[in-house]
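The lines below spell out each chain.
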Amino acid sequence: CFAVGPKLFQYVIKVIVQAVQLLYKMLTIDRPSYVLLQNPPGLPAIAVVWVACLFWRSKLIIDWHNYGYTIMSLNHGKNHPLVQIAKWYEKLFGRLSDYNLCVTNAMKEDLWVNCNIKAVTLYDKPASYFKETPLEVQHRLYMRLAKDYEPFKPRTECVSSNTESSAFTEMDEKNGHVVKVGGRPALLISSTSWTEDEDFSVLLKALEDYERFIDEGAKLPSLVCVITGKGPLKDYYNGLINKLHFKHIQICTPWLEAEDYPLLLGSADLGVCLHKSSSGLDLPMKVVDMFGCCLPVCAIYFECLHELVKHNENGLIFRDSSELAEHLKMLFLGFPTLEGKLHSFRKNLRASRQLRWDESWDQTVLPLIEQNE
């Protein structure tokens, strides 16, 4: 219904219509004491919610997860008029809020220096259902996935008729006892929304190097690489994946049920994150969830990543595909018998016992509101 006239005109009309709809909807609800708004998306939400808060005499809290204008610049370029308008808009209306939360100390500093906005850092934390998956639950998950996805099926036919097997586990059907399969592949997982801020060709090139390491005689396990999620570039990358002919690596791009995603994270051997922040100031939520499952991570470098991924402590940071390939080689050498670094990373994650989201909120946000009451 907005596909008439120049694109800029279409966008303006769309924003105006959304603003009217949102304001109407907000003014039909009971007056709240506080309104918490996550940004992005902030256009037209910040302005609309600010107007509603004026009407209600409520307090507006903006939770800054990133800047909307930096995400827009991925498509349009930094100097596009729309991007410049969005940047001006975010700075102006951001200053009109009563409280501000942000996800990194780097963003806190940037908000203060460039926008004159005083914020409190509230790190993203995993929900309570992100945790290590018990072996019996892992087995049931693998058996479900094996119905639809080849990489989860057993590598060899079951020797015993009393054994139920997946690629990673086997269960004695007499007593229900589950064990990990000897010589099993390593399970690598990455999640994505298949957008421009994640270059999956980096992972694909690293996997080509990994395959070459095995061909050259390195004692490395075969790999099952699961990439979850859906988004605009999925078909493009699936096309690239289909052109790869690996002998030792299987790549799988399933769409998981919501309840299966944390179970798979809690079952994997290593997580890979290719998220590059559009602003360089936010942190990847997928790594937060992986750490909740005590899953070590290899993550691509950007400026404030060290606030989450501690290199050589809970994971490794890489800058390009060859560095990622070397990390994979080092971490999986002798797997599953030897799990040196992987084991110590997992041990460190267990010992750190991260705060969960509700605990973090109680410690950081409640005192902020109470002291200003």
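Here the residue index of a chain counts from 1 through its sequence in written order. For a predicted model such as this one, the threshold for reporting local features is a pLDDT of at least 70, and the threshold for listing and counting side-chain atom pairs is 80 or more; totals across whole chains, interfaces and linings nevertheless cover every residue. In computing side-chain values, all of the structure's heavy atoms are included and hydrogens and water are not.

Colleague: I keep staring at the overall build of the protein and nothing clicks. Help me out?
Modeller: In this text, helices come from DSSP runs of H or I with a minimum length of four residues, and strands from runs of E with a minimum of two, each type numbered from the N-terminal end. From N to C terminus, the protein includes 13 helices and 13 strands. The principal-axis extent of the C-alpha atoms belonging to the protein is close to 70 × 45 × 35 Å. Each residue is assigned to one of three classes by its accessible area relative to the maximum for its type, calculated with a 1.4 Å probe on protein chains only: buried under 20%, partly exposed between the two thresholds, exposed over 50%. Classification of the 373 residues of the protein by burial places 50% in the buried group. Note on contacts: a residue pair is in contact if any heavy atoms of the two residues lie within 4.5 Å. In the protein, the proportion of contacts linking residues at least 24 apart, taken out of those at least 6 apart, comes to 69%.

Colleague: Is there a simple way to think about the domain arrangement of the protein in this case?
Modeller: The figure often quoted for interface size is the accessible area lost as the parts come together. Splitting the protein by domain gives domain 1 (7-123 + 360-371) and domain 2 (135-150 + 184-352). For every domain, the bounds stem from an assignment made automatically or drawn from a database. A straight line from the C-alpha centre of domain 1 to that of domain 2 covers 33 Å. Taken together, the contacts link 14 residues of domain 1 with ten residues of domain 2. With both sides pooled, the region where domain 1 packs onto domain 2 buries about 940 Å², and carbon together with sulfur makes up 61% of that total. In the analysis that follows, any N or O atom pair within 3.5 Å is treated as a polar contact, provided that within protein one partner can donate a hydrogen and the other can accept it, and provided that, for residues neighboring in sequence, both atoms belong to side chains. Scanning the region where domain 1 abuts domain 2 turns up seven residue pairs in polar contact (both at pLDDT 80 or more). Of all the elements in the fold, those that place two or more residues in the side of domain 1 that touches domain 2 are helix H3 (68-76) and helix H5 (105-115). Here the side of domain 1 that touches domain 2 is built from residues that sort into seven nonpolar, six polar and one charged. The term buried area means the drop in 1.4 Å probe accessible area that two parts suffer when joined, counted for both and summed. Three residue categories are used. Nonpolar comprises Ala, Val, Leu, Ile, Met, Phe, Trp, Tyr, Cys and Pro, charged comprises Asp, Glu, Lys and Arg, and polar comprises the others, including Gly.

Colleague: Sorry if this is basic, but what is going on with the environment of Thr-104 here?
Modeller: With respect to the helices and strands, the residue Thr-104 is situated in the loop between strand S3 (99-102) and H5. Overall, Thr-104 belongs to the buried group, its relative accessible area being 0%. Placed 74 residues apart in sequence, Thr-104 and Val-178 show a C-alpha to C-alpha distance of 41 Å. Each residue touching Thr-104, except ones within four places of it in the same chain, is listed here: Thr-121, Tyr-123, Leu-281, Asp-282, Leu-283, Cys-304 and Glu-307. A polar atom in the side chain of Thr-104 sits 2.5 Å from the backbone oxygen of Leu-281.

Colleague: So what exactly am I meant to see when it comes to the sheet that holds strand S8 (residues 186-191) here?
Modeller: The strands making up a sheet are joined through hydrogen bonds of the backbone, oriented either antiparallel or parallel. Within the open sheet, the six strands sit side by side as S10-S9-S8-S11-S12-S13. Their pairing is parallel. Among the strands making up the open sheet, the edge pair consists of strand S10 (249-252) and strand S13 (315-318). Averaged over all adjacent pairs, the angle separating strand axes in this sheet is 20°, with direction ignored. Where S8 and strand S11 (residues 270-273) come together, two bridges link them in parallel fashion. Counted as the bridge partner of Leu-188 is Leu-270 from S11. Two strands form a pair only when DSSP identifies at least two bridges running between them. Helix axes are fitted only over the stretch in contact, all axes being lines through C-alpha atoms; the angle between N-to-C directions runs from 0 to 180 degrees.

Colleague: Any chance you could explain the packing of aromatic side chains here in plain terms?
Modeller: Note on aromatic pairs: each is described by the distance of the centres and the angle between the planes. Working definition: rings of Phe, Tyr and Trp (its six-membered ring) pair if their centres are within 6.5 Å, and the pair is stacked with planes under 30 degrees apart, edge-to-face with planes over 60 apart, and tilted otherwise. This structure, assessed with the given rule, holds 15 aromatic pairs. Ring centres 6.1 Å apart and planes at 80° place the aromatic pair Phe-130 and Tyr-261 in the edge-to-face group. Taken together, the residues span a long stretch of sequence, with Phe-130 in the loop between strand S4 (120-121) and helix H6 (135-146) and Tyr-261 in helix H9 (residues 260-265) at a distance of 131 residues. Aromatic rings pair up to connect Trp-194, Phe-200, Tyr-236 and Tyr-237 into one cluster. Charge-over-ring placement is defined geometrically: NZ (Lys) or CZ (Arg) within 6 Å of the ring centre, and within 35 degrees of the ring normal. For Lys-230, the ring lying beneath its charged end belongs to Trp-255, and the centroid distance is 4.7 Å.

Colleague: Please explain the pattern of salt bridges as it appears in this structure.
Modeller: A pair can form between side chains of opposite charge whenever their charged atoms are brought close. Basic side-chain nitrogens of Lys or Arg form a salt bridge, by our definition, when they fall within 4 Å of a carboxyl oxygen of Asp or Glu. For the structure on display, the rule yields seven salt bridges. Here Lys-247 makes a salt bridge to Asp-215, at a shortest N to O gap of 3.7 Å. Of this pair, Lys-247 sits in the loop between helix H8 (234-242) and S10 while Asp-215 sits in helix H7 (residues 201-215), and the two are 32 residues apart along the sequence. Counted as one network, the salt bridges with shared partners bring together Asp-209, Arg-212 and Glu-216.

Colleague: Quick question: what am I supposed to make of the packing of helix H11 (residues 321-332) against helix H12 (residues 340-352) here?
Modeller: Two quantities define a packed helix pair, namely the angle between the axes and the distance from one axis to the other. The geometry of H11 relative to H12 is characterised by a closest axis approach of 6 Å and an angle of 90° between their N-to-C directions. It follows that H11 is roughly perpendicular to H12 by the angle criterion. Between H11 and H12, the residues in contact are Met-330, Leu-331 and Phe-332 and Lys-341, Leu-342 and Phe-345, respectively. For the contact of H11 with H12, the class distribution of residues is five nonpolar, no polar and one charged. Angle categories: roughly parallel below 35 degrees, roughly antiparallel above 145, roughly perpendicular from 65 to 115, and oblique for all the rest.

Colleague: For this particular structure, what's the right way to read the pairing of strand S12 (residues 297-300)?
Modeller: Consecutive residues of a regular strand have side chains that alternate between opposite faces of the sheet. Along S12, one buried face is formed by Val-297 and Ala-299 and the opposite face, lined by Cys-298 and Ile-300, is buried too. Sheet topology note: the S11/S12 ladder contains three bridges and is parallel. Bridging across to S12, Gly-271 finds its partner in Val-297. Viewed along the sheet, the connection from S11 through helix H10 (residues 285-292) into S12 turns out right-handed. Where S12 meets S13, four bridges bridge the pair, whose relative direction is parallel. Paired with Val-297 across the bridge in S13 is Gly-315. Note on handedness: a crossover is taken as right-handed if, strands pointing away from the viewer, the path from the first strand over the helix to the second is clockwise.

Colleague: What is the right way to look at helix H13 (residues 357-371) in this model?
Modeller: Three or four residues apart is the spacing at which side chains of an α-helix point the same way, because the helix has 3.6 residues per turn. Taking 1.5 Å as the rise per residue, H13 with 15 residues should run 21 Å; its terminal C-alpha atoms sit 21 Å apart, in good agreement. Along H13, the sharpest change in direction is near 30° and occurs at Val-365; proline Pro-367 comes one to four residues later. In this structure, the buried side of H13 is in contact with strand S1 (34-39), strand S2 (59-64), S3 and S4. Here the expected length of a helix is defined as 1.5 Å per residue gap, with one fewer gap than residues. What we call the bend at a residue is the angle made by axes fitted to the seven residues finishing there and the seven residues starting there.

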